[in-house]
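Residue-level structural notes
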Amino acid sequence: MRPEQPPSQPVYPPGASVQGFSVHSASSTPLAGSEQNYPRATPPVRSNGPVAPFQLSPNLPPPRGGAASFFHPAPGGPVIGQPIMPPSGSSAVQQIAPTSGPRLPLVASSASVPMAPPPQAASYMSLGGNFPPPPIQSSSEYPLGRTSLIPSSASPMPHSVNQPHQGGQGGQVPFFAQRTSFPSPQPGIPAQQHLTQQGGPLGYAGAVPQPPMLSSYMDAQKARAPPSYPMAGPPAGGIQGLVEEFQSLSVGSVPGSVDAGVDPNLLPRPLDEADLEGTSSSSIYVSNCLPRHLRFTTNAIPNSQSLMARWHLPLGAVVHPLAEAPNGEEIPVVDFGSSGIVRCRRCRTYVNPYVTFTDGGRRWRCNVCSLLNDVAGEYFAPLDINGRRRDADERPELSKGSVEFVAPTEYMVRPPMPPLYFFLIDVSLSSIRNGMLKVAAETIKSSLDKLPGFPRTQIGFLTFDSALHFYNLKSSLTQPQMMVVADLDDPFVPLPDDLLVNLSDSRHVVEALLDSLPSMFEENTNIESAFGPALKAAFMVMSQLGGKLLIFQSTLPSLGFGRLKLRGDDPRIYGTDKEHTIRIAEDPFYKQMAADLTKYQIAVNLYAFSDRYTDIASLGTLAKYTGGEVYYYPSFHANLYKEKFSHELARDLTRETAWEAVMRIRCGKGVRFTTYHGHFMLRSSDLLALPAVDCDKAFAMQLTLEDTLMTTQTVYFQVALLYTSSSGERRIRVHTMAVPVVTDLGEMYRNADTGAIICLLSRLAIEKTLSHKLEEARHVIQLRIVRSLQEYRNLFAVQHRLSGRLIYPESLKLLPLYGLALCKSLALRGGFADAHIDERSAAGFNMMIIPIKKLLKLLYPSLSRLDEYLLKQGEDDGKASLQRLVLSAERLDPRGAFLYDDGFRFVLWLGKVLPAEFVKNLLGVEAANSPDLSKLPVIEQNNELSRKLLATLKTLRERDPAFYQHCYLLRQGEQPREGSLLLFNLVEDQIAGTSGYVEWLLQIQRQVQQK
């Protein structure tokens, strides 16, 4: 396919002189130079189906139901409290009366009613009392892996009680200290007042606990209109009924149970960095690649479709092919030279540690398809007495799970492309006012020495407002030449040969352009944006080589094709069948352009700056299908956000990038990947096209079984990424992993990976919002969590008396919390009033690409007390460390300063009664006296305290340089900023109609126990 040719008689404005540039009328002659478009390299890999170029990933079908069945109990984990609505299709859960005391009767429910959004917490305890136990202690009577049980109810414990009970059955450390009963209302005190006095795990002092759900969801629908989104709390009921219901709860004495109330402080939370890391699949597979490259939702593959049907969570993997290695660790590079890479003849699997050699080393059996392959003479080595090659430990491809092969010429259909950066910059009035143009020019100039690929790197520029401005950067010039094209209906390239230049040859001309750009347009009053024609022109310039297109956009596209209109500001569309339309591209132009860009190996990274509607849903489509990224800076102003924008742009330009890449993941007999989720274009059935990919992007995919019953004991997976390095080498990065096949559902639960599950769940939910309501996406998250815990409960219902308890495996102890956080995330929470549509879309694009560790930090950020840390740091010679706190407003002491960090921003919260002298020393006199901190930057003051603060922020930023955390200053009570920046993100609290952690667990608990 050839790029669009320019018109034979273009129309353009006459020449003029602008700021030292010679501005020429564009020539009307057709495009000069070679128009040949090289075919793209496609590795000789197998295809699992018909080739459907650039087909899009289908939406995930709704989760399967299926009757729950009893299975032999397997070692698992803790248990928790109250019943909740069961998903349709699941079997009844056996209920056994507790050994003592009355019990809460089972409540009928209707599966036809949608589950409320993160309703008030429910899963490891009941409201005010029961929480899951800490990691189980091993003992002779109850070895590790034994299921723990948590009583169905207990009275709320005072927050001051923290000492663990010294007893406990089977050597376990019970979750909490004392056993108390829920107090009865005192005469003369209204029930509501009584509950408030007792305190409990609520977000704010004096808050009133939410009443329990109505007897059934059908009753709930009759009693109230459906909530606007699933985060709404349960239907209101009488407080007296709440008291009576909790009085009826009792604690049974069951082996492994905890007969005491549980402090909300002891609920499972990821307060340790280790909670974010993955674990290897099994100690027996010592040659597996590391979890940072490949993680499965469970490191145990079911042996049958019937077993898989009982695993209600996603079954799949998350691949992070270019994950950065810690210092000192490098992926070994293997060069087979002229002999060529050793691969299976049939399935094209690369040689790896799990292949076996036979016939004295002259043949090897593929671990994926079992075919016997001949060993080339130059690769031959004898075997030892165990049948292992004698040189296996010396060959990385036979001993390491991750290797990188140097690809020979047969893996290329054209010479490797050079690193190419093309900048498409909006120079309309808004870009000048907010300072974006100046910061962009300065950052690009400062990054020129660090661009990868020297001396092969290519570079080019195009600016636009209501016209297109091209720049001749020929090395023989002393100043760049600007050429203006005003024909937006049929744009053309006026000078095809010198718009893209070698950076090392034209460095002085490029620097002259970057120095002049801000002043050249500083008087520009044009408010229009011809973004569509500019995008088309950039595509025409880049189509010969491919590369990375960086777009800087400050206004809604208003001229030419691809122009967009204001939409998404109508609250009436939320809750209707048309709600999803505001989250997808309005104009098919953008999706078609994305397909064309991918075909010519062009990746798009979008930088959007605006305090007005910019339609990120449409513009972000370009990044979504080209393997790119969306950076969104709402209300951008250079005075405040220069460092963030500059850091992220420099990171984008200088990080190592894999160019013109394709990726495929192969798997053994009986399994296959069905859907893929992330930013890419899907070629054929299993080949991901990635014009440019880097170390900050991850991909998720879902797995299914092809056979009714699998007979193998192990399934092998191999990720292969074929790409061109910045130095011009064609490389193949290969990650191999072996996963055991199991017949026991309990084994699947024990080997579950919460991080991978949440990553895949988040991408499925975000994709669902593109065709359904937000409420439905949140409902699916909750439904899958409930069904999975319901199924796990069934494994132990025969052996243990589980009435009034919710059990969960240790591996999934954080799943309910992350599920709640996901429902409260910016991409999924609330409705019209809860998030600006552009911010919601940008958050969705971001969550579709970030790796697991980054996602978990975003969902459950860190909250730390800063004032005590800074003062203690001085006393302890800098040995102190920030202690993470529970994400609840209860932890915000008005006498302190707290730092919130979600990996993308800092929020420095200052309490009302924090000493003014401390604030003055920390942030300066202006911050101490100003009622509005929104426009104050955090800058170093001339004192030790301030220097410690900046050093702390720098250290936190260096832990993950992918994004720069801008520090927002916030004073207690400063609304609405306090709510939007901090309070709405304290996921354990009830706020704005959403559930807190305790209430969410309570609802899940009820649903798990109901039929």
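Let me begin by describing the structure that accompanies this report. (Residues numbered from 1 in each chain as written. Predicted model: local features only at pLDDT ≥ 70, side-chain atom pairs only at ≥ 80, totals over all residues. Heavy atoms only, no water.)

**Overview of the overall build of the protein chain**
A tally of regular secondary structure across the protein chain gives 24 helices and 32 strands. Within the span of the protein chain, comprising 1011 residues, buried residues form 63% of the whole. For the protein chain, the share of sequence-separated contacts (at least 6 apart) that also reach a separation of at least 24 residues comes to 79%. Counting every atom, the protein chain has about 37,100 Å² of accessible surface; 52% of that belongs to carbon and sulfur. (Helix = DSSP H or I, 4+ residues; strand = E, 2+ residues; numbered from the N terminus. Buried < 20%, exposed > 50% of the residue type's maximum accessible area, 1.4 Å probe, protein only. Contact = heavy atoms within 4.5 Å. Areas by Shrake-Rupley, 256 points an atom, 1.4 Å probe, with all protein chains shown as cover.)

**Some words on the environment of Val734**
With respect to the element layout, Val734 can be found in strand β27 (residues 730-742). Given the relative accessible area of 1%, Val734 is considered buried. A sequence separation of 13 residues divides Val734 from Leu721, and the C-alpha atoms of the two residues are 6.5 Å apart. Sequence-distant contacts of Val734, that is, excluding residues within four places in its chain, are made with Tyr350, Gly401, Ser402, Val403, Phe405, Gln718 and Val719.

**With respect to the pattern of salt bridges**
Under the counting rule described, the total for this entry stands at 46 salt bridges. Residues Arg905 and Asp902 are paired through a salt bridge, measuring 3.6 Å at the closest nitrogen-oxygen approach. Across the pair, exposure class does not vary: Arg905 and Asp902 are buried alike. Within this structure, Glu324, Lys548, Glu629, Arg651, Asp652, Arg655, Asp694, Asp696 and Lys697 form a network of salt bridges that share partners. (Salt bridge = Lys/Arg side-chain N within 4 Å of Asp/Glu carboxyl O.)

**Quick word on the nonpolar core**
Core analysis: the largest hydrophobic core is formed by 161 residues, its most contacted members being Ile301, Phe423, Phe461, Phe552, Phe645, Phe673 and Phe717. Broken down by element, this core gets its largest block of residues, nine residues, from helix α14 (residues 754-768). (Core = buried A, V, L, I, M, F, W, Y, C linked by side-chain atoms within 4.5 Å.)

**Points about the side chain of Glu999**
As for its placement among the helices and strands, Glu999 is situated in helix α24 (residues 997-1009). Buried charge without a partner: Glu999 forms no salt bridge, and the closest opposite charge is Lys824, 7.3 Å away. For Glu999, the side chain forms a polar contact with the main-chain nitrogen of Gly996, separated by 3.1 Å. (Lys, Arg positive; Asp, Glu negative; His and termini not counted. Polar contact = N/O pair within 3.5 Å; in protein donor to acceptor, adjacent residues only side chain to side chain.)

**Re the sheet that holds strand β30 (residues 897-901)**
Reading across the sheet, the four strands line up as β29-β30-β31-β32 and stay open at both edges, with mixed pairing between neighbours. Looking at the sheet topology across the chains shown, the edges are occupied by β29 (862-865) and β32 (966-971). Direction aside, neighbouring strands of the sheet carry axes that sit 20° apart on average. Across five bridges, β30 lies against strand β31 (residues 905-910) in antiparallel orientation. Residue pairing for β31: Phe898 is matched across the bridge by Trp909. Contacting β30, β31 and β32, helix α22 (residues 944-959) crosses the sheet at an angle of about 150° to β31. (Pairing = 2+ DSSP bridges. Axes fitted to C-alpha atoms, helices over the stretch in contact; angles between N-to-C directions.)

**Focus: the packing of aromatic side chains**
Aromatic ring pairs: the centre-centre distance and the angle between the two ring planes describe each pair. Following the criterion strictly, the structure yields 34 aromatic pairs and no others. Ring centres 5.0 Å apart and planes at 70° place the aromatic pair Phe609 and Phe636 in the edge-to-face group. With Phe609 in strand β19 (residues 602-610) and Phe636 in the loop between β20 (629-634) and α12 (638-654), the pair connects residues that are 27 residues apart, well separated along the chain. Between the NZ or CZ atom of Arg343 and the centre of the ring of Tyr350, over which it lies, the distance is 4.0 Å. For Arg389, the ring lying beneath its charged end belongs to Tyr379, and the centroid distance is 4.4 Å. (Phe/Tyr/Trp six-rings, centres within 6.5 Å; stacked < 30°, edge-to-face > 60°. Lys NZ or Arg CZ within 6 Å of the ring centre and 35° of its normal.)

**Comments concerning the packing of helix α9 (residues 531-542) against helix α10 (residues 588-599)**
Taken N-terminus to C-terminus, the directions of α9 and α10 make an angle of 10°; their axes are 11 Å apart at the nearest point. Comparing their axes, α10 and α9 come out roughly parallel. On α10, the residues touching Phe531, Gly532, Leu535, Lys536 and Phe539 of α9 are Phe589, Tyr590, Met593, Asp596 and Leu597. (Parallel < 35°, antiparallel > 145°, perpendicular 65-115°, else oblique.)

**Description of the pairing of strand β14 (residues 458-464)**
Of all seven residues that make up β14, seven are buried, and the element is covered over most of its length. Inspection of the sheet shows strand β13 (residues 420-426) paired to β14 by seven bridges, in the parallel sense. When the sheet's bridge partners are listed, Tyr421 is paired in β14 with Ile459. As paired elements, β14 and strand β17 (residues 501-502) share two bridges and run antiparallel to each other. By the bridge assignment, Gln458 is partnered in β17 with Asn502. One ladder, built from three bridges, connects β14 with strand β15 (residues 468-472); its direction is antiparallel. The residue bridging Leu462 from the neighbouring strand is Phe470, located in β15. Turn length for the β14-β15 hairpin, with the two strands adjacent in sequence and antiparallel, is three residues.

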